[in-house]
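A structural walkthrough
Next come the chains, spelled out residue by residue.
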Amino acid sequence: MTHGDANLPLAEQEAWVCKETRQSDSSEDENNSKAQNYDMYNIYSRSGKRAILLTCGLIAFICPCTDTVYLPVLPELAAYYDASDALVAVTVSDTMIPRRVGVGQLFFGTLADRYGRLVVIYAGLIIYEGLTVACIFAPTIQVLIALRTLDGFVVSSSLVA
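One structure accompanies this document, and this report is about it. (Residues numbered from 1 in each chain as written. Predicted model: local features only at pLDDT ≥ 70, side-chain atom pairs only at ≥ 80, totals over all residues. Heavy atoms only, no water.)

The subject of this paragraph is the nonpolar core. Looking at soluble globular proteins, one finds that nonpolar side chains tend to be buried together. Ranked by size, the top nonpolar core spans 26 residues in total, and within it Tyr70, Leu74, Leu77, Tyr81, Val88, Ile141 and Leu144 carry the most contacts. Taken together, the elements giving at least two residues each to this core come down to α3 (46–70), α4 (74–81), α5 (85–101), α6 (103–115), α7 (117–136) and α8 (141–155). Not counting chain neighbours up to four residues away, the residues in contact with Val88 comprise Leu74, Leu77, Ala78, Ala83 and Ile141. (Core = buried A, V, L, I, M, F, W, Y, C linked by side-chain atoms within 4.5 Å. Buried < 20%, exposed > 50% of the residue type's maximum accessible area, 1.4 Å probe, protein only. Helix = DSSP H or I, 4+ residues; strand = E, 2+ residues; numbered from the N terminus. Contact = heavy atoms within 4.5 Å.)

Here's what the structure looks like:
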């Protein structure tokens, strides 16, 4: 491209540069360029790919597991806390409300935009596990309801990020 070609529109300049690049690349070995292109798209190592797969699997497993594992225990919780069935059922609905309404998504979505998705996902999973363990040791039904509500709020971090 000569100095006088600088007045060409940008699309034509890019086409000219691509044409020159293609002509110079045609003399190189075809297999070498294919190998370079293949390596360009494989930026993760084998262990990195497995870590991503494990993280995605855990995230996909959390919400259904939280709901289905917890439901059969409701009668035992009512007996343990000496509470009504309706009050124990609140622990289920209070977990689902922050997740379904989108309160947690608004909070964790902005955090994911600011700090990155992986940070929010990992922090959310760690806090979720801590709250779940705290639910096991809840002394009263009111504390259990509060912890389960926070649990639903935090697990929504995995839905956004």
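The next subject is α6. Taking 1.5 Å per residue as the helical rise, α6 with its 13 residues ought to reach 18 Å, and the 19 Å between its terminal C-alpha atoms agrees with that figure. Along α6, the positions that sit buried rather than exposed are Gly104, Phe108, Gly109 and Ala112. Here the buried residues of α6 occupy an arc of 120° about the axis, which is enough to place them on one side. Turned more than 90 degrees away from the buried face of α6 sit Leu106, Thr110, Asp113 and Arg114, all of them exposed. Next to the buried residues of α6 lie α5, α7, α8 and α9 (157–160). (Expected span 1.5 Å × (residues − 1). Arc of directions from axis to C-beta.)

Okay, the packing of α6 against α7 next. It is the contact of α6 with α7, at a shortest axis distance of 7 Å, that shows an interaxial angle of 130°. Between α6 and α7, the angle is such that the two are oblique. Judged by residue contacts, Phe108, Leu111, Ala112 and Tyr115 of α6 engage Arg117, Val119 and Val120 from α7. (Axes fitted to C-alpha atoms, helices over the stretch in contact; angles between N-to-C directions. Parallel < 35°, antiparallel > 145°, perpendicular 65-115°, else oblique.)

Moving on, we get to a nonpolar patch on the surface. On the surface, a nonpolar cluster with roughly 330 Å² of combined accessible area is contributed by Ile43, Tyr44 and Ile52. Turning to its location among the elements, Ile52 is positioned in helix α3. Under the relative-accessibility criterion, Ile52 is labelled partly exposed at 40%. (Patch = residues over 30% accessible without salt bridge, like charges linked within 9 Å, V, L, I, M, F, W, Y side chains within 5 Å. Areas by Shrake-Rupley, 256 points an atom, 1.4 Å probe, with all protein chains shown as cover. Salt bridge = Lys/Arg side-chain N within 4 Å of Asp/Glu carboxyl O.)

Here the focus is the environment of Arg148. The topology assignment puts Arg148 in helix α8. When the C-alpha atoms of Arg148 and Cys135 are compared, they prove to be 7.0 Å apart, with 13 residues separating the residues in sequence. The contacts of Arg148, once residues within four sequence positions are left out, are Thr66, Tyr70, Thr91, Val92, Asp94, Thr95 and Cys135.

Relative to the 28 Å expected for 20 residues at 1.5 Å per residue, α7 spans 29 Å between its end C-alpha atoms, a close match to the ideal helical length. Looking only at α7, the buried set comprises Val120, Ile121, Gly124, Leu125, Tyr128, Leu131 and Cys135. Axial view of α7: buried residues confined to an arc of 135°, hence all on one face. Opposite its buried face, α7 presents the exposed residues Leu118 and Ile126, each directed more than 90 degrees away. Among the structural elements, α3, α4, α6, α8 and α9 are those in contact with the buried residues of α7.

Bringing the packing of aromatic side chains into the picture now. Tallied over the full model, the rule gives four aromatic pairs. Consider the rings of Tyr80 and Tyr81, whose centres lie 4.9 Å apart with planes at 80°: the pair is edge-to-face. By relative accessible area, Tyr80 is classed as exposed at 63%. Of the residues examined, Tyr81 reaches a relative accessible area of 14% and is grouped as buried. For the pair Phe107 and Phe108, a centre-to-centre distance of 5.0 Å together with 80° between the ring planes defines the contact as edge-to-face. Each residue in the set Phe107, Phe108 and Phe153 is aromatic and connected to the rest through ring pairs, giving one cluster. The ring of Tyr70 has Arg148 sitting right over it, with the charged end atom 3.7 Å from the ring centre. (Phe/Tyr/Trp six-rings, centres within 6.5 Å; stacked < 30°, edge-to-face > 60°. Lys NZ or Arg CZ within 6 Å of the ring centre and 35° of its normal.)

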